Amino acid sequence: MKKATHQQTKQHNRDLVLRTIFASESISRAELARVTHLTRTTVSDVVSGLLAEGLVKEVGLGVSIGGKSPILLSIVPDSRYLIGLNLAQDKFIGAVVNLRGEIKEIVEASVQDDNGQTALELVYRIIDQLLKKKIKPVVGIGVGTPGLVNTREGLVVNAVNLDWQDLPLGQLLEKKYRIPVSVLNDSQATAIGEFVYGGGHVSDENLIVVNVKHGIGSGILVNGRLFQGDGGGAGEIGHVVVQENGALCRCGKLGCLETISSARAVLQQLKVDSLDKAQSAFDSGNANARQVVMKAAHYLGISLANLIGTLNIQKIVITGDMTRFGDAWLDAVSASMQNAALSRLSEETRLELGKLDYRACILGASAYLLLDGYSLLFKKEI
Ligand SMILES: [Zn+2]
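Quick summary incoming for the structure in this document. (Residues numbered from 1 in each chain as written. Predicted model: local features only at pLDDT ≥ 70, side-chain atom pairs only at ≥ 80, totals over all residues. Heavy atoms only, no water.)

**Some words on the pattern of salt bridges**
Selection rule: Between Lys or Arg on one side and Asp or Glu on the other, a salt bridge is scored when a side-chain nitrogen of the former is within 4 Å of a carboxyl oxygen of the latter. Runs of E in the DSSP output that reach at least two residues are strands. Runs of H or I that reach at least four are helices, and both are numbered from the N terminus. Any residue under 20% of the maximum accessible area for its type is buried, any over 50% is exposed, and the rest in between are partly exposed; the area is computed with a 1.4 Å probe on protein chains only.
Tallied over the full model, the rule gives 14 salt bridges. Asp78 is the salt-bridge partner of Lys104, the closest N and O atoms lying 3.3 Å from each other. Taken together, the residues span a long stretch of sequence, with Lys104 in strand E6 (residues 103–110) and Asp78 in the loop between strand E3 (71–75) and strand E4 (81–87) at a distance of 26 residues. You can call Lys104 partly exposed: its relative accessible area is 35%. Here Asp78 falls in the partly exposed class, since its relative accessible area comes to 34%. The partner of Glu258 in a salt bridge is Arg250, with the nearest N and O atoms 3.0 Å apart. What makes Arg250 partly exposed here is its relative accessible area of 40%.

What follows is the structure, encoded as structure tokens:
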């Protein structure tokens, strides 16, 4: 028993040190000890192990604060790889990603009117193709899928588009590929992607990322961790009713936010088959297109006000297809948000556009393993 506890402590220390090195560009052993509250001896021991495993390297000298200049440590980006998947509306995209979120290989496949089994086989096929590229070692797989997901169990509870109900996707993939797998809702994965790799967010601790595409969802990060709520559905703002007796939503309710503010809703109302057409009508000043897009922005702003009132998170990133309507759309979202929220709270809230487009979901799905699954990912008997 005593030995197990000792092992656990070692594993915990290793996770903590690795996570801290990952979070910074480069860091000295002394700084690691200060941040992790571990002793310098413990830090040195753990670092020696990580150097031997090739996960960490020494990258030069830092600034001396009296005495010798400290040696800086950094993650070795290409020492391990992850696979990230974005199961988007019309196509599935998979990529091999290194530990710094650089995409090494990418594979896409368009989704036909598939049933659940063909959709699953398409996931296998993409992973198989990526593994054939022989970029090694791949140590984990992260999947961002539409729908309601139980991440702890790796279970896709319900994804209407893909015809998946209670699909144990995580288990299936772990069994087939024998590496750790995480399954996340696509908007939650997108949120992690923007948070970790979108530039300048990691120091914020709290962030909301709202994904406005054919559907609408959001991901919420609290203290640098994804907040999923009790049932995994935290951030599912798309299926909250905002208009009584409104249009029929694909979830069966009337007047959900998605029926007004999503790209799908805009296409339906403008009776066009592509966002390019919708955008050119909007850009040329077509009155109907302006009205539909501005109404979409207005209702989205009200939903953001609700998020602000509930969470008071001061930075909101918006991403997805609807951002193509540019400043006019974003300004309308912002104005409506300011109108609907308590002024003191909304004045301090910044809206920004996402930086990673479709890559955010891929990168976030893989980075979830880095944020929450170090011990899982780099499991090692010590
Ligand atoms: Zn709905």
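Now, onward.
**Details of the sheet that holds strand E2 (residues 56–61)**
Which entries qualify depends on this criterion: Should DSSP find at least two bridges between two strands, the strands are regarded as paired. We call two residues in contact when some of their heavy atoms are within 4.5 Å. To define axes, lines are fitted to C-alpha atoms, for helices over the stretch in contact only, and angles between the resulting N-to-C directions are given on a 0 to 180 degree scale.
Pairing in this open sheet of three strands is antiparallel, and the strands run E1-E3-E2 from one edge to the other. Looking at which strands have only one partner, the edges of the open sheet turn out to be strand E1 (27–28) and E2. With five bridges connecting them, E2 and E3 associate as antiparallel partners. For Leu61, the partnering residue across the bridge sits in E3 and is Ile71. In this fold helix H3 (residues 40–53) packs onto E2 and E3, with an angle of close to 110° to the strand it touches most, E2.

**Observations regarding the coordination of the zinc ion**
Where we set the bar: Listed donors are limited to N, O and S atoms within 2.8 Å of the metal, widened to 3.2 Å for Na, K and Ca; water is not among them, so incomplete-looking sites are possible. A four-donor site is classed as tetrahedral when every donor-metal-donor angle falls between 85 and 135 degrees; four donors are called square planar, and six octahedral, when trans pairs exceed 155 degrees and all remaining angles lie between 65 and 115, with any other arrangement labelled irregular.
Listed as protein donors to the zinc ion are His239 (ND1), Cys249 (SG), Cys251 (SG) and Cys256 (SG); their distances from the metal cover 2.1 to 2.3 Å. Coordination geometry of the zinc ion: the four donor atoms subtend angles of 101 to 126° at the metal centre, consistent with an arrangement described as tetrahedral. Mapping the donors of the zinc ion onto the primary sequence yields the spacing H-x9-C-x1-C-x4-C. You can see His239 sitting in the loop between strand E14 (225–227) and helix H7 (258–261) and its partner Cys251 sitting in the loop between E14 and H7, a full twelve residues away along the chain. Taking relative accessible area as the criterion, His239 reaches 25% and is therefore assigned partly exposed. On the accessibility criterion, Cys251 (40% relative accessible area) is partly exposed.

So far we have only geometry, and geometry alone does not tell us how the molecule works.
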